[in-house]
Each structure stands twice: as structure tokens, then as C-alpha cells.
Amino acid sequence: MKHLNILSLLVGILFQTIDLFITNDPILIASPYPFNTSKSSSFECFSNDQGIILSLTIIATMFNTTSTSSLKTTEENIIHNGSIVLTIPILFNYSQLYSKIECRSKYHYGQHKFSQLEVFSVAEIPGKDFLSMSSSTNQLATIHCLTYGTNVLIHWDFTPDLTNKKFSSLPFGIRITYRFILNDTLIIDHVSYSDHHGYYRCNATNQFRNQLYEDKRVFHLTVKKGSIWIPIVIVCVAIGLAILLLILCSKYCQKRKQRLERKSLSNENDSEVLPIDQKNVLTLSRSAKSQISSISIERERREPQFVLGNPFLDPNVQSIL
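An account of the accompanying structure is given in this report. Just so you know, these numbers come straight off a predicted model, no measurement behind them.

On inspection of all chains with the given rule, the structure shows two disulfides. A sulfur-sulfur distance of 1.5 Å marks the disulfide that ties Cys45 to Cys103. On the S-S bond that ties Cys45 to Cys103, the torsion sits near -75°, and the link is left-handed. Of this pair, Cys45 sits in strand β2 (residues 41-46) while Cys103 sits in strand β6 (residues 100-106); the two residues are 58 residues apart in sequence, bridging distant segments of the chain. A relative accessible area of 0% means that Cys45 is categorised as buried. When the cysteines of the protein that form disulfides are numbered from the N-terminus onward, they connect as 1-2, 3-4. The thiol of Cys249 is not disulfide-bonded; the next cysteine sulfur, from Cys253, is found 6.4 Å away. When its relative accessible area of 39% is taken as the criterion, Cys249 is described as partly exposed.

Right, let's get into the pattern of salt bridges. For the structure on display, the rule yields four salt bridges. A salt bridge links Asp25 to Lys113; the shortest N-O distance between them is 3.9 Å. Here the residue Asp25 occupies a position in the loop between α1 (2-21) and β1 (27-31), and Lys113 occupies one in strand β7 (residues 112-118), the gap between them amounting to 88 residues. In this structure, Arg175 engages Asp189 in a salt bridge whose closest nitrogen and oxygen atoms are separated by 3.0 Å.

The next point concerns a nonpolar patch on the surface. A contiguous nonpolar patch, built from Val235, Ile239, Ile243 and Ile247 and spanning about 330 Å² of accessible area, is present on the exposed surface. If you trace the backbone, Ile239 turns up in helix α3 (residues 229-302). The exposure class of Ile239 is partly exposed, given its relative accessible area of 45%.

Now for the pairing of strand β10 (residues 153-159). Burial analysis of β10 places five of its seven residues in the buried class, which makes it a mostly covered element. Sheet topology places β10 next to strand β13 (residues 198-208); seven bridges connect them, and they run antiparallel. Across the sheet, Asp157 pairs through a bridge with Arg201, a residue of β13.

Take the nonpolar core next. Core analysis: the biggest nonpolar cluster contains 22 residues, and Leu28, Phe35, Phe43, Ile58, Leu97 and Ile101 have the highest contact counts within it. Contributions of two or more residues to this core are made by β1, β2, β3 (53-63), β5 (83-88) and β6. The dominant element in this core, judged by the number of residues it contributes, is β3, at five residues. Residues within four places of Ile101 in sequence aside, it is in contact with Leu28, Phe35, Phe43, Ile58, Ile59, Ala60, Ser115, Gln116, Leu117 and Val119. Membership of the second largest hydrophobic core comes to 19 residues, among which are Phe158, Ile174, Tyr200 and Val223.

Let's shift gears to the sheet that holds β1. Reading across from one edge, β1-β2-β5 is the order of the three strands in this open sheet, with antiparallel pairing throughout. The strands lining the two open edges of the sheet, one partner per strand, are β1 and β5. Adjacent strand axes in the sheet meet at a mean angle of 15° when their direction is disregarded. Note that β1 and β2 share five bridges and pair antiparallel. Bridging across to β2, Leu28 finds its partner in Cys45.

Quick look at the sheet that holds β10 now. What holds strands together in a sheet is hydrogen bonding between their backbones, with the strands either parallel or antiparallel. Pairing is mixed in the open sheet, where four strands are placed in the order β8-β14-β13-β10. Because the sheet does not close on itself, it has two edges, and the strands there are β8 (131-136) and β10. On average, adjacent strands in this sheet sit at an angle of 25° to one another, irrespective of strand direction.

So, about the pairing of strand β14 (residues 211-224). As paired elements, β8 and β14 share six bridges and run parallel to each other. Considered in β14, the bridge of Leu131 is made with Phe219. As judged from the eleven bridges shared by β13 and β14, these two strands associate in the antiparallel manner. Note that in β14 the partner of Cys202 across the bridge is Arg217.

This paragraph deals with unusual backbone geometry. Cis geometry is adopted by the peptide bond preceding Pro32, which originates at Ser31 and carries an omega value of -5°. Within the secondary structure, Pro32 is located in the loop between β1 and β2. Geometrically, the link from Tyr33 to Pro34 is a cis peptide bond, its omega value of 0° lying close to zero. Tracing the chain through its elements places Pro34 in the loop between β1 and β2. The residue Asn48 is not glycine, and still its phi comes out positive at about 55°. Following the sequence through the fold, Asn48 ends up in the loop between β2 and β3. Residue class for Asn48 comes out partly exposed when judged on its relative accessible area of 26%. The phi dihedral of Asn77 is positive, around 55°, even though this residue is not glycine. Relative to the elements of secondary structure, Asn77 occurs in strand β4 (residues 68-78).

So, how was this worked out
- Residues numbered from 1 in each chain as written.
- Predicted model: local features only at pLDDT ≥ 70, side-chain atom pairs only at ≥ 80, totals over all residues.
- Heavy atoms only, no water.
- Disulfide = S-S within 2.5 Å.
- Helix = DSSP H or I, 4+ residues; strand = E, 2+ residues; numbered from the N terminus.
- Buried < 20%, exposed > 50% of the residue type's maximum accessible area, 1.4 Å probe, protein only.
- Salt bridge = Lys/Arg side-chain N within 4 Å of Asp/Glu carboxyl O.
- Patch = residues over 30% accessible without salt bridge, like charges linked within 9 Å, V, L, I, M, F, W, Y side chains within 5 Å.
- Areas by Shrake-Rupley, 256 points an atom, 1.4 Å probe, with all protein chains shown as cover.
- Pairing = 2+ DSSP bridges.
- Core = buried A, V, L, I, M, F, W, Y, C linked by side-chain atoms within 4.5 Å.
- Contact = heavy atoms within 4.5 Å.
- Axes fitted to C-alpha atoms, helices over the stretch in contact; angles between N-to-C directions.

Here you go:
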């Protein structure tokens, strides 16, 4: 009988020891869930154990391009199914968190338990007020659509007139930079009034457990028309310059024509005078020759002539003897 009592005591101690090592996972609850950027969120972790827990911790790890940090709260000596709470402020970007938020419980004998909650925030566009902006023609215009949420997809559409409330695809000449985490930007390199003046709608959507979440925002782009008188002045100046050029060319051509006519007329006059002058020269030369010949004859008559004759044949010659 004594041996039976000892055996039952040992079995009881064994079961108590087994109970100490059989622990439950903590319970993690978030409110609201899925997360909403425009609202504050709270995470509450219950120990889910009647015994004493060394510590209870909620940790939400964040990541960025340079470092890794975390949102964390912890409390020690949790008893009788106690709990701790972690609060996340409003306008927190849940896309900065890793995929899961974790609650860890640590017991005195070194055992660890944990539970996880998937991170998902609905698609939201903060500042849903109607936003107007202006641009001039042939300028660069950008429209930014800042969004929050997990795996958000952004779609743009356009309407030139908001009264019909019928949006269609974007006009030509627009580039889009896709950033599915933070924002999406429309870039219009050369703004045109006829093509780009109107209303642009940013549509943000995501889906979680077969539930679709979406948000929208409308941007009004006012394109200032270029001044009409500027091209008119340019055209008038161009026409005036063309007319002035034509006048100068006509005057130049007229003067050149007159110069050529004068030159041709002077050549004709020279050709008519030249034969008359030649005739006069010939007449003068002939008269001069005739005068010279008459003068030479008269001179011969006036001067005595000596004729050498044969003395033997001349009857007028007398002999010396």
C-alpha cells in the first residue's frame, strides 16, 4: 500500500512537469484589420497561458534602402493570460513593414513561442480633395498620385469635361513612372491645350482574401492658351520683310536694266560717229597731199635749172681757142 502511494505521487509530479512544458502559442489580434493608413492601428498580444511568462514582445520589422529598424513593445512577468498592446499612428506606410508582425512569448525555463499576423493595408490615396494645377503650352507638367497600401496597382484615365463623368484612356504624349509602393507620376513633356487640358483620375486598387479595395482622386490640369497676337505679329513681320525684299529686288533690277540700256545706247552712238570721222580724215589727207604737191611744183618753177649737156653737141657753146 505504501508503494502504491509513492507511485501515485510520482505520477502526479510527472504530470505537473509535463503540464509545465506543454505551453500554448500567444494570440495576436489587430484592430482594424486589414490595416487602414487613415486610421490608427493597435496590436494586442495575449499570452494564452495561465502560468507565469518571463516576457511577452510584439515586434514589427521595417526595412528601407539603408537600414532596418522595428516597432517594438515588450513586457516581463506576464501572468494569468495577460496581454500587451502596440499602437501604430495614423498615416503610417504599412508598405515599409516586412510581410508579418510577430508576437513572442518567453518562458523561465528558456522555451519560446510565437504567433504571426500577415501585413496587409488597403489601397488609399490621402488627401482626396479635388486638386487643380495649371501649366502653359509647350511646358513640362507633372501630376503626382501618392498612394498607400500593400501591392497597390495604379491606373490613370482622362476626360476633357467632368460634366459627362465618363473617363477614357490617357491622351498621347504622356509618360508614366510606375512606383507601386509609394506613388505614381504622370509626365507631360510638351503640354498642349487641345490634347491635355482636362481632368485626370488616379485609381488605386488592391485585393486581399477575395476582397477588392480601391480609392480614387481627380486632378484638374488647366492649360493656358498661348497669346493669339504673338503668331499674328510674327506672320505680319514675315510678310513685311518679304514685301520689302521684293521692293529692293525690283529696284535693283530696274537700275541694272537702265544701266544696260545706257551702255547699249552709247555703243550705238560710237558706231555711227566712227565712219564720219574716217571720211573726214581721208578727205583732209587727200587735200593735204594735193596742197603739198602744188607747193612742190611751184617751187620747182621758181628755182633755176642747170642742165649738163654735151659741149660738142650744143651749138651755143664757143670754143676757148
